[in-house]
Amino acid sequence: MLDKHAKLERNAIAFVFAIIFVASIGGIVEIAPLFTIDETVEEVEDMRVYTPLEVAGRNIYIREGCYACHSQMIRTLQDEVERYGPYSLAVESQYDHPMLWGSKRTGPDLARLGEKYSDDWHVAHLINPRDVVPSSVMPSYAWLQRNSLKNEDMDLHLAALRKVGVPYTDEMIENAAQDTYGQARPDSEPADAFLERYGEDSNVRAFDGDPGRLTEMDALVAYLQILGRLTDVAHQQASNSTGGE
Amino acid sequence: MISQLTRDERSSAMILCALLTLFGLALGIVGRDDVLGWHGALLAFAGLALLFVVMRGYYDPNPDPDRITKYYDDPTKVGVIVSMMWLVFATFVGDWVAWLLVYPELTFDAGWSSFGRLRPVHTTGVIFGFGGNALIATSFHVLQRTSRARLAGNLSPWVVLIGFNLFCLMAVTGYMLGITASKEYAEPEWYADIFLVVVWVTYFALYIRTLARRQEPHIYVANWYFLAFILVVAILHIVNNLAVPVSLAHAKSYSLFSGVQDAMTQWWYGHNAVAFFLTSGFLGMLYYYLPRRAGRPIFSYRMSIISFWGITFLYMWAGSHHLHYTALPHWVQTLGMTFSIVLVVPSWASAGNALLTLNGAWEKVRDDATLRFMFVAAVFYGLSTFEGSFMAIRPVNSLSHYTDWTVGHVHAGALGWVAMITFGAFYTLVPMLWNRERMYSSRLIEAHFWLALSGTVIYVFAMWNSGIVQGLMWRAYAEDGTLAYSFIDSLNEMIPYYFARAVGGFLFFLGGVIGLYNIWMTTRMPALEDPPVYDLPPVFETEPAE
Ligand code: HEM
Ligand SMILES: [Fe+2]
């Protein structure tokens, strides 16, 4: 053994290949099958895509580093399910490029946040968390309400997402910018067009409380309100298993 | 700096600077409507500034024709200073974010200064800015001494060093501007990632070409580790950052993978960034500077072989311990746990090898704060690898994951191991580089040592406490079978620990400032008339043929 190694130590190129070979095995065995084995991600019928406004909101969530303090992955532990809701399934982040499972809970998990609070609550909380929860250490994000949403290039965003595998239609991509208005301005023409494309169940509201302006706050709140609601399968699974007891 | 380059090399340098400027301009122009434009401006400006520096020295006399008989240490010198500057900057930001968790109002009403954007500035600043520069600087130094040859290039070391720092600058300014891919320790966006690949290929080529010149038939252990660091980081970086940009004019991209596959790829990367950046590279440092400072050879050659291949093989399986009880298939979690536990063996072989090398030199450890830094580093390396294996056990992880215990673990490794071994290596290296008899002040080294050690201990104990309290409160049930505490209850318990951590962090930061000052003053000391001979010179008399 030692002799062989002494030989290896004399040959830099062989050493390089030895390192690459030895280091590659683990990743290949563990990662490659995740793309091919069917059981990795459940198949469900009702899984829907993020709307353009929600995509924009998700990008703000990423930009502000909310994931540094919040996870979006409820583990299969009793106390966690009781605190946050049914545990997270793989399919629920199927369209998450990148995933935002997080690694640290300075604040609570947000995987099932959607519709837990009103839009007004979120707006007040984001502007100053301590107005709502006095001992909170969450930063205030007052500028989101001041910044208009940059939405004219949303079509490019949706097109890029389609390239990595999210099933947006041509129509959705073409009208992406318009649809961000539609979703945040109820009872308008763009709103009707938006609902036609994304389904009657989609949220159409003036998320930031002001239908006249499309702000970053609109986008972020729209995203927060859809968390855990892209598919109902986790809740169904949970009620099936309690029903069976 | 410029005087060490020949006229031809100066011309090539000018071409490279001009290319950098043009690239920056192009990026700035296509990305003018996007935050990308700022990074174009940054690169263009850097290119112009460098061009100016080279032009100013262009007509200086050519370097000594016998430069091949000397080691090339200018890049190492710059790397050491820059590394310490990053340390001071990034631990300042670290302490700032630590205070933000106690006093959340301690910031400005603007995006760039909010916790979520500053936190990656801290992590990137310490890991890549401080750690990366330290690795590049020491690897150049070790490589030349153990090969008895000058670096196989006079311009390429600068390409590596300056290119790497431009990458770090793009990273930290990017987060503050709102540019991030959100993957931990891989936050920079696609164009910065590509830029780093170019730098990294240059680094590898330089390394392997210098090794090819070596006069010693065997490649020394430290170089195995540096090689593993360079190679594996390249693989990890490329795979984990695969993404589709929104357009060439957008900084934003969407990662190729999603959901569970993305999570596994990210933590395969994340865990092995710890392994090959923060462990392998620094073990390379340890294997060279510790025996030198102690004046004793490495205890066991056999143990170094076992630990090297053990670490290189096993670590790459362990990433899934970051995803216990999640939607990741169970078998992958189990593999991750198993390999993580076995990992303690090669890790302790390394730590043991270091400590046994010191066996017989304990009076030096007592008297010499520089060697004591390295001793403490080896102890913390042993402790945190044991802790890591323990935390990878699924039931333990159910408590520790998502809590401050992880942060405590990270910093036992980061402060106790990575930073301490670097300080020990720098204090050994700096007098050699500048041909001084010793550091400017040994009392300041002593002060730095105690600040760093007490800061680390306070930090780690505070986070162990807060982490375990959090974990226990989250899972506690009341008599009636409902959860006993709300999330806010657990948050309120954290205040004293977060306060203590911020104080400990401040001590550590202060130590870093003293370290930078001490190193700077050493470089300002008058040069010795006849400096001590630290190393045997390179073997070569003339430029070797390729
Ligand atoms: C003055 C000294 C330091 C202070 C005050 C400090 C503070 C912090 C804080 C407050 C966080 C965020 C924790 C959270 O989100 O709850 C953090 C994260 C981190 N720091 Fe430091 N830090 C220091 C030095 C270092 C050094 C020297 C390194 C590495 C060489 C390092 C590596 C990291 C890493 C990797 C993380 C991310 C941990 C995770 O994802 O869980 N830190 N630090
Ligand atoms: Fe890990």
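Residues numbered from 1 in each chain as written. Chains lettered and ligands numbered in written order. Predicted model: local features only at pLDDT ≥ 70, side-chain atom pairs only at ≥ 80, totals over all residues. Heavy atoms only, no water.

Another aspect to go through is the coordination of the iron ion (ligand 2). All names here are of chain B. On the protein side, the iron ion (ligand 2) has His-271 (ND1), His-321 (NE2) and His-322 (NE2) as donor atoms, found 2.0 to 2.2 Å from it. Sequence spacing of the donor residues for the iron ion (ligand 2), all on one chain, is H-x49-H-H. Note that His-271 is positioned in helix α8 (residues 259–294) and His-322 in the loop between α9 (301–314) and α10 (330–342), a separation of 51 residues in sequence. The exposure class assigned to His-271 is buried, which follows from its relative accessible area of 8%. (Donors = N, O, S within 2.8 Å, 3.2 Å for Na, K, Ca; no water. Helix = DSSP H or I, 4+ residues; strand = E, 2+ residues; numbered from the N terminus. Buried < 20%, exposed > 50% of the residue type's maximum accessible area, 1.4 Å probe, protein only.)

Residue and element names in this part refer to chain B. Every protein donor of the iron atom of ligand 1 is listed here as His-122 (NE2) and His-411 (NE2), and their distances to the metal cover 2.0 to 2.1 Å. Viewed at the metal, the six donor atoms of the iron atom of ligand 1 are separated by angles of 84 to 180°, and the geometry they form is octahedral. In this pair, His-122 is assigned in helix α4 (residues 115–147) and His-411 in helix α15 (residues 404–433), connecting sequence segments 289 residues apart. Take His-122 and His-411: they sit in the same class, and that class is buried. (Tetrahedral: all angles 85-135°; square planar, octahedral: opposite > 155°, others 65-115°.)

The next thing to look at is the pattern of salt bridges. Considering all chains together, one arrives at 28 salt bridges over all chains under this definition. Each of Arg63(A), Glu64(A), Glu216(A) and Arg117(B) takes part in salt bridges that share partners, so that together they form one network. (Salt bridge = Lys/Arg side-chain N within 4 Å of Asp/Glu carboxyl O.)

As a further point, take the interface of chain B and chain A. Contacts between the two partners involve 97 residues from chain B, matched on the other side by 87 residues from chain A. Taken together, both faces of the contact between chain B and chain A bury some 7800 Å²; the carbon and sulfur share is 66%. Our count for the contact surface shared by chain B and chain A stands at four salt bridges. Glu64(A) is paired through a salt bridge with Arg117(B); the nearest N and O atoms lie 2.7 Å apart. Our count for the chain B to chain A interface comes out at 31 residue pairs in polar contact (both at pLDDT 80 or more). The biggest single contributor to the side of chain B that touches chain A is α8(B), with ten residues. The residue inventory of the side of chain B that touches chain A, partitioned by class, reads 54 nonpolar, 28 polar and 15 charged. (Contact = heavy atoms within 4.5 Å. Buried area = accessible area lost by both parts, 1.4 Å probe. Polar contact = N/O pair within 3.5 Å; in protein donor to acceptor, adjacent residues only side chain to side chain. Nonpolar A, V, L, I, M, F, W, Y, C, P; charged D, E, K, R; others polar.)

Residues and elements named next belong to chain B. With domains assigned, chain B is organised as domain 1 (1–61) and domain 2 (71–524). Taking the mean C-alpha position of each, domain 1 and domain 2 sit 30 Å from one another. At the interface, 21 residues of domain 1 touch 21 residues of domain 2. Across the domain 1 to domain 2 interface the summed buried area is about 1800 Å²; carbon plus sulfur atoms make up 76%. On the domain 1 side of the interface with domain 2, the three residues burying the most area are Met-1, Gln-4 and His-39, jointly 29% of the side's total. Counting across the domain 1 and domain 2 interface gives zero salt bridges. (Domains from an automatic or database assignment.)

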